[in-house]
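If you want the building blocks of each chain, they are given just below.
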Amino acid sequence: MFRTQVAFCTLSVLLSLSFGGDVKSRSCNDVRQAYTAKGFSLASVPHQEISGEHLRVCSQGYTCCTSEMENKLSQQSKMEFENLVEATSQNLRTAFISRHKKFDEFFLELLDNSQRSLNDMFVRTYGKLYMQNSEVFQDLFTELKRYYTGGNVNLQEMLNDFWSRLLERMFQLLNSQYQFTDDYLECISKYTDQLKPFGDVPRKLKAQVTRAFIAARTFVQGLMVGREVANRVAKVNVSPGCSKALTRMLYCPYCGGMPDLKPCANYCQNVLKGCLANQADLDPEWNLFIDAMLLVADRLEGPFNIEAVMEPLDVKISEAIMTMQDNSMQVSAKVFQGCGHPKPAGVGRSARGITDTFNARFRPYSPEERPTTAAGTSLDRLVVDIKEKLQGSKKFWSSLPTSICSDERVVSTDSEQCWNSHTKGRYFPEVVKDGLTNQQHNPEVEVDITRPDTFIRQQIMTLRMMTTKLRNAYNGNDIYFQDSSDEGSGSGSGSGCTEGCTTEFDFVATDAPVVSADRSDGQAASGSSAQPTASASWASVLSALLTSLALQLVLHWQWR
């Protein structure tokens, strides 16, 4: 009888334990299906819930996850997050890549078309005389292209040299009955500014070419810098704290047996604001950079339009040549007076036929004869398109968490039936603000606010230096070559604003020393009557040189 009672009691306990186990252990079939759909093996996936003491991120209650599963899901969440950031920033990055390519192709083809047009016209108009001196014009375009492609070219000096060389060649052709030594030709070039043999064309053309090329080159460099910064920042560095938060948000529902449950939208925002805190800190400098790009874009379709400068370049140079020919007698007399009378040339050399050649007045092409528009488009169309893209890119980095957490593929549309970090239900914590310092009280992500991401800080500095260069270009100044003359024309690489453009613009700044250098440069270029002290002047020059050197180092490896 006693044995029968013991056996009965034992059976009752076993049945009780079995029944109790069935109540606590739920099936993991849904998790198994979702897990294998991610491409993982089912070998380590339990059929029913197991105790979760081994888990490090998800709940340690009953779970469908093993340690191996949690590790794989953690890696999966990191990869999916990186892909989400890249996909969300794809349009921005593509815009900078494609528009940089379009603008670069346009400007280069515009230069080639202008050179080809000048060559064809001058061959037809001046024939052999042009062919014998064509290297003067070829060198002009070579230097313009070298400047545009990032070469260390002082536009003011280069253009002055072009007109001096052209004067020397013209003077010899118009006075071919004389023999000129190198010293005499050098003396002639010294009288270029005083004699103005080409009329007002060199001064006007120098101002137009300088400011147009500064704007064009700087704008394309800005597109390149925007492209590079966007590409780099889109490749996020996932910290350990971020990795845990992502795993908890995206895959702890798997471990809880709810693989189809998506996170609450506000929960998602807090996680991503913590993970992308450093990216959000890029936004202020990014917005200043975009504002500067938009202002230079306005210049490109206004007074600094390189297309409007380059297309009639051949006509303007020919007008200058004709002016020189018309005034050849007066110019020669003044040169002879200042440089001395040259020696007569040998027998057989005379000026016969030269005057007749130059009297063959330049006839510009009719519109249908002109080369087709560069790159099959116009600068105005390109600028309208890029301005729209630039406007849409403002505040991009701070709005990245909102953009991702608005995607129905990522978050639940039902604020009551969503994953709130530990169960299904409403998410109550408030959404934190953007940026690193505001993550101190982020309830979802552990963020060390005392250690900013050095890589993001480098990108901020790159944007800051490019913004400084764009501001200078907006005012017609090249950061590499500041014009120290007080000449009102603003020729060379100083201010080119002589007709219909504002010579100074006040920017909201984030870095006082940089703005101080900007403003002193702008005042010098605009011919301000207030003369700075010697120490202030040297400080301004030193600041500009340091900024220039830093920017050249940043851009050197990027440009072509």
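Refer to the structure presented above.
These numbers come from a predicted model, not from an experiment.

Colleague: Help me out: how do you make sense of the overall build of the protein chain in this one?
Modeller: When helices and strands are counted, the protein chain shows 24 helices and two strands. Counting across all 560 residues of the protein chain, residues that qualify as buried make up 50%. Of all intrachain contacts in the protein chain linking residues separated by at least 6 positions in sequence, the fraction that spans at least 24 positions is 79%. For the protein chain, the accessible surface area stands at approximately 27300 Å², while carbon and sulfur atoms represent 52% of it.

Colleague: Looking at this model, I keep getting lost on the packing of aromatic side chains. Mind explaining?
Modeller: The geometry of an aromatic ring pair comes down to the distance between the two centres and the angle between the two planes. Tallying each qualifying case throughout the model produces 23 aromatic pairs. Ring geometry for Phe 96 versus Trp 286: centroids 5.7 Å apart, planes at 65 degrees, classification edge-to-face. Placement of Phe 96 in helix 4 (residues 90–126) and of Trp 286 in helix 15 (residues 283–300) is noted, with a sequence separation of 190 residues between them. Exposure class is identical for Phe 96 and Trp 286. Each is buried. Between the NZ or CZ atom of Arg 299 and the centre of the ring of Tyr 474, over which it lies, the distance is 4.1 Å.

Colleague: Explanation requested: the pattern of salt bridges in the structure shown.
Modeller: Any two side chains of opposite charge can pair if their charged atoms end up close together. Enumeration over the complete set of coordinates arrives at 22 salt bridges. Between Arg 146 and Glu 143 there is a salt bridge, and its shortest N-O distance comes to 3.1 Å. Of this pair, Arg 146 and Glu 143 both sit in helix 6 (residues 134–148), three residues apart, which is roughly one turn of that helix. For Arg 146, a relative accessible area of 37% gives the class partly exposed. A residue is classified by how much of its surface remains accessible, and Glu 143, at 23% relative accessible area, is partly exposed. Salt bridges sharing common partners tie together Asp 298, Glu 301 and Lys 387.

Rules used throughout
Residues numbered from 1 in each chain as written. Predicted model: local features only at pLDDT ≥ 70, side-chain atom pairs only at ≥ 80, totals over all residues. Heavy atoms only, no water. Helix = DSSP H or I, 4+ residues; strand = E, 2+ residues; numbered from the N terminus. Buried < 20%, exposed > 50% of the residue type's maximum accessible area, 1.4 Å probe, protein only. Contact = heavy atoms within 4.5 Å. Areas by Shrake-Rupley, 256 points an atom, 1.4 Å probe, with all protein chains shown as cover. Phe/Tyr/Trp six-rings, centres within 6.5 Å; stacked < 30°, edge-to-face > 60°. Lys NZ or Arg CZ within 6 Å of the ring centre and 35° of its normal. Salt bridge = Lys/Arg side-chain N within 4 Å of Asp/Glu carboxyl O.

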